[in-house]
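Coordinate analysis (summary)
Read off the chains here:
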Amino acid sequence: MGINDKTHNLVGTTYNFDKNAKNGEPLKHYLERKLSNNVFIDFNEVYYQEKRLVVLVISAAKTIPVDWDGQRFIRVGSSKTKISKFPEREVYLFRVLREGLPTIENTPSKYQDLTFNKLFGYYGSKGIILKDQTFKKNLGLLTEEGKYNIQAQLLSDNSYIPLRVSIFDGETKASNLFSVREFGYNCLLYSLDELLRYGDVLNIIQADERNRIVERKEVSLFESKAFNEAIINAILHNKWIEGNEPMISVFSNRIEILSRGSLAPTQTIEGFFLGESVPVNEKLSDIFLQ
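Some words on the overall build of the protein chain
Looking only at helices and strands, the protein chain features nine helices and 12 strands. By the compact-globule yardstick of 19 Å for 290 residues, the protein chain is too spread out, its C-alpha radius of gyration being 28 Å. Once the C-alpha set of the protein chain is aligned to its principal axes, its extents read approximately 90 × 55 × 40 Å. Counting every atom, the protein chain has about 19100 Å² of accessible surface; 51% of that belongs to carbon and sulfur. The centroid of the 37 positive side-chain charges in the protein chain is displaced by 6 Å from the centroid of its 37 negative side-chain charges.

Below, the structure is given as structure tokens:
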């Protein structure tokens, strides 16, 4: 209070939140009576640029959504409506408050008959011994209810997710499809290794005869380190909970590597371009680093 709604200019206010608000009842008492008990409200009085401002602070919901006079509401577009009209969304909100935003760790896989022979073999090839009794907990493969999560699905012998490299003979997807290589339906660690090795196959060494005096200069099609980093990041930061895989398309003049989803919830655009590391799939990132 004390800021113009339209211009956002500081105008100051003489509003007294301890005075009557409705039917002779102070506003704070009125709000606390109407709101459910799981929310905390407070009024802060501040001065900025010699203008008096009043800030109403409302705590975030912690375990269940907040009621107003016994009803829960949600915004749909620019309208407010009762959330009881959207039971699926209400269930989702309860789950987010209880477990946090959906991740590959707290979201159960629809496949519960998973096996992990390849995972044991991969770790063994790196000199790391996994134990039958502890690997599921140590690698974060179970939900709180004890079900295999999506992270377990990704690291299982069959991830049930395709991962393809499509090669076109032109510069767009309207060009003829020259080749499709499949690297999915496998433990994600093996899929990544195979993708990186396939990058070496694609990266043909060519002779650069320009300005040649004696020795010919050999150049590759693309920078291998940049390709490898892009592939690893696409897999690590992909939004796997939506069931969509990264897409890799090779054209005559470029390679496009698409990772699904958005930035991590705690990442900012500024931090992203500064190179701050905030993994979308934190535990999976730890496993890859290991």
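From this point, things continue past the structure.
Some details on the packing of aromatic side chains
How two aromatic rings sit relative to each other is set out by the distance from centre to centre and by the angle between their planes. Per the stated rule, a full pass over the model turns up 10 aromatic pairs. Relative to W68, the ring of Y30 lies with its centre 6.0 Å away and its plane at 70°, an arrangement referred to as edge-to-face. Placement of the pair is Y30 in helix α1 (residues 27–34) and W68 in the loop between β4 (51–58) and β5 (73–76), with a sequence separation of 38 residues. The class of Y30 is buried, set by a relative accessible area of 13%. Judged by relative accessible area, which is 30%, W68 ranks as partly exposed. Relative to Y198, the ring of F183 lies with its centre 5.3 Å away and its plane at 50°, an arrangement referred to as tilted.

Considerations on the sheet that holds strand β8 (residues 177–182)
With mixed pairing, the four strands of this open sheet are ordered in space as β8-β7-β11-β12. Looking along the sheet, the strands with just one partner apiece sit at the ends: β8 and β12 (255–258). Averaged over all pairs of adjacent strands, the angle between their axes in this sheet comes to 15°, without regard to strand direction. Contacts from helix α6 (residues 188–202) reach β7 (164–168), β8 and β11 (247–250) within the one sheet, and its direction differs from that of β7 by about 20°.

Re the environment of S59
Within the fold, S59 resides in the loop between β4 and β5. Between the C-alpha atoms of S59 and V11, which are 48 residues apart in sequence, the distance is 26 Å. Setting aside its immediate chain neighbours within four residues, S59 contacts V39 and F40. Only 2.8 Å separates the side chain of S59 from the backbone nitrogen of F40, close enough to count as a polar contact.

Comments concerning the packing of α6 against helix α7 (residues 224–236)
The interhelical angle for the contact between α6 and α7, taken along N-to-C directions, is 155°, at an axis separation of 10 Å. One way to sum up the angle between α6 and α7 is to call them roughly antiparallel. Here α6 runs over α7; the crossing is right-handed. Residues L188, L192, L195, L196, G199 and D200 of α6 touch α7, and the partners they reach there are S224, F227, N228, I231, I232 and I235. Across the contact of α6 with α7, the residue classes tally to eight nonpolar, three polar and one charged.

What to know about helix α9 (residues 282–289)
Within α9, the full set of buried residues consists of L284, S285, I287 and F288. Along the long axis of α9, the arc covered by the buried residues comes to 160°, so they all point the same way. Exposed and facing more than 90 degrees away from the buried side of α9 are E282 and L289.

A word on the pattern of salt bridges
One pass over the structure, following the stated rule, counts nine salt bridges. A salt bridge links E242 to K239; the nearest nitrogen and oxygen atoms lie 3.4 Å apart. We classify E242 as partly exposed; its relative accessible area is 47%. On the accessibility criterion, K239 (28% relative accessible area) is partly exposed. If you follow the salt bridges from partner to partner, you end up with D67, R72 and E90 in one network.

Cut-offs and rules
- Residues numbered from 1 in each chain as written.
- Predicted model: local features only at pLDDT ≥ 70, side-chain atom pairs only at ≥ 80, totals over all residues.
- Heavy atoms only, no water.
- Helix = DSSP H or I, 4+ residues; strand = E, 2+ residues; numbered from the N terminus.
- Rg over C-alpha atoms; globule rule 2.2 N^0.38 Å.
- Areas by Shrake-Rupley, 256 points an atom, 1.4 Å probe, with all protein chains shown as cover.
- Lys, Arg positive; Asp, Glu negative; His and termini not counted.
- Charge placed at Lys NZ, Arg CZ, Asp CG, Glu CD.
- Phe/Tyr/Trp six-rings, centres within 6.5 Å; stacked < 30°, edge-to-face > 60°.
- Buried < 20%, exposed > 50% of the residue type's maximum accessible area, 1.4 Å probe, protein only.
- Pairing = 2+ DSSP bridges.
- Axes fitted to C-alpha atoms, helices over the stretch in contact; angles between N-to-C directions.
- Contact = heavy atoms within 4.5 Å.
- Polar contact = N/O pair within 3.5 Å; in protein donor to acceptor, adjacent residues only side chain to side chain.
- Parallel < 35°, antiparallel > 145°, perpendicular 65-115°, else oblique.
- Left-handed = near helix turned anticlockwise from the far one by under 90°.
- Nonpolar A, V, L, I, M, F, W, Y, C, P; charged D, E, K, R; others polar.
- Arc of directions from axis to C-beta.
- Salt bridge = Lys/Arg side-chain N within 4 Å of Asp/Glu carboxyl O.

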